[in-house]
Amino acid sequence: MPKAYVFTRFGGPETEALVDVDRPRPGPGQLLVAVRAAGVNPVDWKQRTGYARAGGGARELPAVFGNEVAGVVAEVGPDVTGFAVGDEVFGNPVAGGYAEYTLLPVTVTAHKPAGLSFTDAAALPVAAATAYDGIVQLALPEGATLLVTGAGGGVGAAILQIARIRGLRAVGVASDAKKDFVESLGAVHVPSGPDLAARARAAAPEGVDGVYDLVGGDVLAEAATLLTDRTKLITAGASAEDVELLGGARVLRARDAAVLDAVADLVVRGDLTPHVTATFPLDRAAEALRTVEEGHARGKTVIVIEGTR
Ligand SMILES: NC(=O)c1ccc[n+]([C@@H]2O[C@H](COP(=O)([O-])OP(=O)(O)OC[C@H]3O[C@@H](n4cnc5c(N)ncnc54)[C@H](OP(=O)(O)O)[C@@H]3O)[C@@H](O)[C@H]2O)c1
């Protein structure tokens, strides 16, 4: 039977297990995919704690971890056009991705370009797509300055790169350990920690035109003080209630195949590097998850499954 990494109840890492599962059967509009790589994201461990996405309920138990994959189509469900068995694809699975097989809805599935590895493709549907959606939402003019908090993680590294190709000046707030990484992505580095607004003002004396927050809490509140126009404040790292109190908004996710095509195209053109900095096999999924759950990831962590290149 195929293997999957699951949580059996809501709680901490003690709820996790690598188990045998039935091979899923694709319903209408779905593809069965042999997973070659699965991206690891903070939302994965948050779902294990019982976290429910806005507009959706908590995961049904037992639940397979994961929200982004790349792999090969093994079966095509009813009413599907444009995909065939053997196609190389990537996207946001119906319910979990740390598994040998998963189901992808065609609405959030794209063909993987030949020049993109499975590992890199699996790093795009959550982090890079969130970065892309937020930059579109902010709609800053060329030459504007965008401050990013949590800039050295999976989403932050993608924001800095997409900002640069859109002609924005990026200022990345991250720990000193990530200074070189942030600068290598074309951004000005501002060390994280108390009094961040003063350091940001010094680093961007021309002012900050937009803030893309990935941390929330005090960091979000302090970053907000840099803006005169709070409609240019967005977050992926705090609740809608918290950011709306400050005059800002949650990032609006498109969750469609067009965004997946757009970010893959950026990678193929050499404008976006997914920066996969850690890979683990499925039987070491726990270590992959801990790498992200510790809260100080650099770039992306990906689980690779046999046959991945
Ligand atoms: N709504 C959505 O669709 C969506 C999608 C993707 C992600 N998200 C959310 O966005 C957030 C970021 O995701 P991610 O994948 O980029 O996470 P990640 O890869 O784990 O990176 C998080 C980064 O935040 C930094 N950080 C942690 N605490 C900090 C603090 N107090 N001050 C400043 N920086 C701090 C860490 O770097 P240092 O080591 O430098 O502290 C780390 O690089 C998460 O909350 C995630 O759940 C939401």
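This structure is a prediction, so every number in the text was calculated from the model and none was measured.

Attention now goes to the overall build of the protein. Helix and strand counts for the protein come out as 10 helices and 16 strands. Whereas a compact globule of 309 residues would reach a radius of gyration of roughly 19 Å, the protein reaches 19 Å, a difference of no more than 12%. For the protein, the C-alpha atoms occupy an extent of roughly 60 × 40 × 35 Å along the three principal directions. Relative to its full complement of 309 residues, the protein shows a buried share of 51%. In the protein, the share of contacts with a sequence separation of at least 24, taken over all contacts with a separation of at least 6, comes to 66%. Of the roughly 12800 Å² of accessible surface on the protein, a fraction of 52% belongs to carbon and sulfur atoms. Computed over 28 positive and 37 negative side-chain charges, the inter-centroid distance for the protein is 1 Å.

Now for helix α6 (residues 196-203). Taken together, the buried positions of α6 are Leu196, Ala197, Ala200 and Ala203. Burial along α6 is one-sided: seen end-on, the buried residues are contained in an arc of 125°. Those residues of α6 hidden inside the fold are in contact with β9 (145-149), β10 (169-174), β11 (188-191) and α7 (217-224).

Before going further, it helps to examine the pairing of β9. Burial runs high along β9: five of the five residues are buried. Taking every second residue as pointing to the same face, both faces of β9 are buried, with Thr145, Leu147 and Thr149 on one and Leu146 and Val148 on the other. Sheet analysis places β9 next to β10, joined by five bridges and oriented parallel. Across the sheet, Leu146 pairs through a bridge with Ala170, a residue of β10. Crossover handedness for the path β9 to helix α4 (residues 154-165) to β10: right-handed. Judged from the three bridges that link them, β9 and strand β12 (residues 210-213) form a sheet pairing that is parallel. Across the sheet, Leu147 pairs through a bridge with Val211, a residue of β12.

Glancing now at the domain arrangement of the protein. Taken domain by domain, the protein comprises domain 1 (3-123 + 274-304) and domain 2 (127-250). Just the C-alpha atoms count here: the centres of domain 1 and domain 2 sit 27 Å apart. Between domain 1 and domain 2, the buried area comes to about 750 Å², and carbon and sulfur atoms account for 48% of it. A per-residue breakdown of the area domain 1 buries against domain 2 is headed by His275, Arg298 and Gly299, which together make up 57% of the total. Linking domain 1 to domain 2 there are zero salt bridges.

For the rest of this paragraph, the subject is the site of the ligand. Close contacts around the ligand come from 24 residues, with Lys46, Gly154, Ser175, Lys178 and His296 the closest. A distance of 2.8 Å separates an oxygen atom of the ligand from a polar backbone atom of Gly154. A distance of 2.4 Å separates an oxygen atom of the ligand from a polar side-chain atom of Lys178. Protein coverage of the free-state accessible area of the ligand, which is 910 Å², stands at 84%. Every element with two or more residues in the shell around the ligand is listed here: α1 (42-48), α3 (124-138) and α4. Along the lines of polarity and charge, the residues of the shell around the ligand split into nine nonpolar, 10 polar and five charged. When residues of the shell around the ligand are assigned to domains, at least three fall in each of domain 1 (3-123 + 274-304) and domain 2 (127-250).

Here is what the cut-offs are and how they apply
Each residue is numbered by its place in its chain's sequence as written, counting from 1. Only residues with pLDDT of 70 or above have their local features reported here, since the model is predicted, and side-chain atom pairs are shown and tallied only from 80 upward, although totals for entire chains, interfaces and linings are computed over all residues. Excluded from the side-chain calculation are hydrogens and water; included are all heavy atoms of the structure. Only DSSP runs of H or I reaching four residues or more are called helices, and only runs of E reaching two or more are called strands; each is numbered from the N terminus. Two things to know: the radius of gyration comes from C-alpha atoms, and the globule rule equals 2.2 Å times the number of residues to the power 0.38. With a 1.4 Å probe rolled over the protein chains alone, any residue whose accessible area is under 20% of its type maximum counts as buried; one over 50% counts as exposed, and the rest are partly exposed. Residue contacts are defined here by distance: any two heavy atoms, one from each residue, within 4.5 Å place the two residues in contact. We get accessible surface area from the Shrake-Rupley algorithm with a probe of 1.4 Å; when it comes to residues, only the shown protein chains can shield them. Positive charges are assigned to Lys and Arg, negative charges to Asp and Glu, while His and the chain termini are left out of the count. For the purpose of locating charges, the reference atoms are NZ of Lys, CZ of Arg, CG of Asp and CD of Glu. Picture the helix axis, draw a direction to every C-beta atom, and the arc is the one those directions span. Being paired, for any two strands, means DSSP has found at least two bridges between them. Call a crossover right-handed when, viewed with both strands pointing away from you, the route from the first strand across the helix to the second goes clockwise. What marks off one domain from the next here is an automatic or database domain assignment. Here the quantity called buried area is the total loss of accessible area, with a 1.4 Å probe, experienced by two parts when brought into contact, counted for both. A side-chain nitrogen of Lys or Arg and a carboxyl oxygen of Asp or Glu constitute a salt bridge if their distance falls within 4 Å. Residues are counted as near a molecule or strand when any one of their heavy atoms sits within 4 Å of it. Polar contact criterion, stated in full: a pair of N or O atoms within 3.5 Å, where within protein one must be able to donate a hydrogen and the other to accept it, and residues adjacent in sequence count only if both atoms are side-chain atoms. In the scheme used here, Gly and all other residues not listed as nonpolar or charged are polar, with Ala, Val, Leu, Ile, Met, Phe, Trp, Tyr, Cys and Pro taken as nonpolar and Asp, Glu, Lys and Arg as charged.

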